[in-house]
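Below, each chain spelled out in residue letters.
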Amino acid sequence: PQKPEEMNAYFGLFEKALEEAAKKNSELRFDALVIDEGQDFEPSWIELLGKLLKKPDDPWWVFHDPAQAFGTPWQPDRLQFQPFRLRHNLRNPRKIHAWSEKQRTDGMTSIPVRTSEGSVEEIPLHPSGQTTTLRNLLRRLKEEGVKSWEIAILTGGSVKNSQVWRELRQDSEFPLWNDTFDEFGEHTGKAADELQA
């Protein structure tokens, strides 16, 4: 959807589609329900999903973060759920891995790829600007043996307006490359399977 009215129409279809799907699959029922990104669900959608449980008292959870609401804020009071505030941030993969390993009952174990501790390194801007800063960093990474295809450079704005893209795209030492964009920073419209390896 490109316009607000198209977006509203799109979300307006969801409830009816869900009702139709439930009718066509009348035997499909679940022992438990876990809904993620609940802040983006209308209360009526959650109520409809709740009807897919085998028994009314079967467990279900809705994880939601009001700070990430895509549309209108979710209304948990309407659903009369018992709220639990999650006070620990487990988004760090190391913490998630450590927690999940404790839950295993099959006697097997998994090994995290990264085992070293570390924090994000903040690199001060070179007096000559972003391009010099980035070129120095790329030089250092190359000396450390990092392969060029293992490096991703992210921009906070558009590629078209990126000074670094303009200055380094044709650079002899560190040419930036992204097959999704042309030389002017315009998106080529290529699908993922059309991009060069």
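## Digging into the confidence of the model for the protein
Stage number 1. In the predicted model, the protein carries a mean pLDDT of 82, and the fraction of residues at 70 or more is 89%.
Stage number 2. The least confident element of the protein is helix α3 (residues 76–79), whose mean pLDDT is 69; the most confident is helix α5 (residues 130–143), at 93.

## A short note on the pattern of salt bridges
Stage number 1. Summed over all chains, the structure comprises eight salt bridges.
Stage number 2. For the salt bridge of E144 with R140, the shortest nitrogen-to-oxygen distance reads 3.3 Å.
Stage number 3. For D179, the salt bridge goes to K190, with nearest N and O atoms at 3.2 Å. Note that D179 is positioned in the segment after α6 (163–168) and K190 in the segment after α6, a separation of eleven residues in sequence.
Stage number 4. Given the relative accessible area of 9%, D179 is considered buried.

## Some details on the nonpolar core
Stage number 1. Judged by nonpolar contacts, L18, L33, I35, I46, L48, L49, L52, L53, V62 and L79 together constitute the single largest core of ten residues.
Stage number 2. Elements represented by at least two residues in this core include exactly β1 (33–35) and α2 (43–50).
Stage number 3. A total of three residues in this core trace back to one element, the largest contributor, which is α2.
Stage number 4. One finds V159, W165, L168 and F181 within the second-largest nonpolar core, a separate group that totals nine residues.

## Structural notes on the side chain of D179
Stage number 1. In terms of polar contacts, D179 uses its side chain to reach the side chain of K190, at 3.2 Å.
Stage number 2. Once you skip the residues sitting within four places of it in the chain, D179 turns out to touch T188, K190, E194, L195 and Q196.

## Observations regarding unusual backbone geometry
Stage number 1. Even without a glycine there, the phi angle at E37 is positive, about 55 degrees.
Stage number 2. Position of E37 relative to the elements: it lies in the loop between β1 and α2.

## Details of the packing of helix α1 (residues 4–24) against α2
When two helices pack together, you describe them by how their axes are tilted relative to each other and by the distance separating the axes.
Stage number 1. The contact between α1 and α2 brings their axes to 10 Å, and the two run at 15 degrees. Considered as vectors, α1 and α2 are oriented roughly parallel to each other. Seen along the crossing, α1 lies across α2 with a hand that is left-handed. Across the interface between the two elements, F11, F14, E15, L18 and E19 of α1 pack against S44, W45, L48 and L49 of α2.
Stage number 2. Broken down by class, the residue content of the contact of α1 with α2 amounts to six nonpolar, one polar and two charged.

## Quick notes on the packing of aromatic side chains
Stage number 1. Within this structure, the stated rule accounts for three aromatic pairs.
Stage number 2. Taking 6.0 Å as the distance between ring centres and 70 degrees as the angle between the ring planes, the aromatic pair formed by F41 and W45 counts as edge-to-face.
Stage number 3. Ring geometry for W60 versus F81: centroids 4.8 Å apart, planes at 80 degrees, classification edge-to-face. One end of the pair, W60, is in strand β2 (residues 60–62); the other, F81, is in the loop between α3 and α4 (93–103), with 21 residues separating them in the sequence.

## Description of α5
Stage number 1. An ideal rise of 1.5 Å per residue puts 20 Å on 14 residues; α5 measures up with 20 Å between its terminal C-alpha atoms.
Stage number 2. Contacts made by the buried residues of α5 are with α6.
Stage number 3. One or two residues past the end of α5 sits G145, with phi positive at roughly 90 degrees.

## Things to note about the side chain of S162
Stage number 1. Along the chain, the position of S162 falls in the loop between α5 and α6.
Stage number 2. Relative accessible area serves as the criterion here: at 12%, S162 is assigned to the buried category.

## Topic: a nonpolar patch on the surface
Stage number 1. On the surface, V34, W61, F63 and L86 cluster together into a nonpolar patch covering about 450 Å² of accessible area.
Stage number 2. Tracing the chain through its elements places W61 in strand β2.
Stage number 3. Judged by its relative accessible area of 45%, W61 is partly exposed.

Analysis parameters
- Residues numbered from 1 in each chain as written.
- Predicted model: local features only at pLDDT ≥ 70, side-chain atom pairs only at ≥ 80, totals over all residues.
- Heavy atoms only, no water.
- pLDDT = per-residue confidence, 0-100.
- Helix = DSSP H or I, 4+ residues; strand = E, 2+ residues; numbered from the N terminus.
- Salt bridge = Lys/Arg side-chain N within 4 Å of Asp/Glu carboxyl O.
- Buried < 20%, exposed > 50% of the residue type's maximum accessible area, 1.4 Å probe, protein only.
- Core = buried A, V, L, I, M, F, W, Y, C linked by side-chain atoms within 4.5 Å.
- Polar contact = N/O pair within 3.5 Å; in protein donor to acceptor, adjacent residues only side chain to side chain.
- Contact = heavy atoms within 4.5 Å.
- Axes fitted to C-alpha atoms, helices over the stretch in contact; angles between N-to-C directions.
- Parallel < 35°, antiparallel > 145°, perpendicular 65-115°, else oblique.
- Left-handed = near helix turned anticlockwise from the far one by under 90°.
- Nonpolar A, V, L, I, M, F, W, Y, C, P; charged D, E, K, R; others polar.
- Phe/Tyr/Trp six-rings, centres within 6.5 Å; stacked < 30°, edge-to-face > 60°.
- Expected span 1.5 Å × (residues − 1).
- Patch = residues over 30% accessible without salt bridge, like charges linked within 9 Å, V, L, I, M, F, W, Y side chains within 5 Å.
- Areas by Shrake-Rupley, 256 points an atom, 1.4 Å probe, with all protein chains shown as cover.

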